[in-house]
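Letter by letter, the chains look like this.
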Amino acid sequence: MILYFSPDITESKAQLLEDEFKHCCKVLRHTVGDHIFITNGKGIKAEAIISQISKNSAELDVVSYE
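The sections below set out a description of the structure shown in this document. On a predicted model such as this, the values are computed, not experimentally measured, just so you know.

Quick notes on the nonpolar core
Here is step 1 of the chain: The biggest cluster of nonpolar side chains holds 15 residues, and the ones touching the most others in it are Leu 16, Cys 24, Ile 36, Ile 38 and Leu 60.
Here is step 2 of the chain: Where this core is concerned, the elements lending two or more residues are β2 (13-17), α1 (18-27), β3 (35-39), β4 (45-53) and β5 (57-65).
Here is step 3 of the chain: Leave out the neighbours within four places in its chain, and Cys 24 touches Tyr 4, Leu 16, Arg 29, His 30, Ile 36 and Ile 50.

Overview of the side chain of Ser 57
Here is step 1 of the chain: Within the secondary structure, Ser 57 sits in strand β5.
Here is step 2 of the chain: Ser 57 sits in the buried class, given a relative accessible area of 11%.
Here is step 3 of the chain: Not counting chain neighbours up to four residues away, the residues in contact with Ser 57 comprise Gln 15, Leu 16, Leu 17, Phe 21 and Gln 52.

Procedures and definitions
- Residues numbered from 1 in each chain as written.
- Predicted model: local features only at pLDDT ≥ 70, side-chain atom pairs only at ≥ 80, totals over all residues.
- Heavy atoms only, no water.
- Core = buried A, V, L, I, M, F, W, Y, C linked by side-chain atoms within 4.5 Å.
- Buried < 20%, exposed > 50% of the residue type's maximum accessible area, 1.4 Å probe, protein only.
- Helix = DSSP H or I, 4+ residues; strand = E, 2+ residues; numbered from the N terminus.
- Contact = heavy atoms within 4.5 Å.

Following this line, the structure appears as structure tokens:
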């Protein structure tokens, strides 16, 4: 399981920026609708769906918390 870092995870939204975005969307070629796993590095882990991809970031909808 690949775990991406997203510093600001709210109840329903999150975002991938910089290196995490590049690795997820440019290297591994995840697209809108893909399920990924994220963490904020402070104990919160969540499953999210990529809802929108822009030039430098990806918007995520949080589906569930682990």
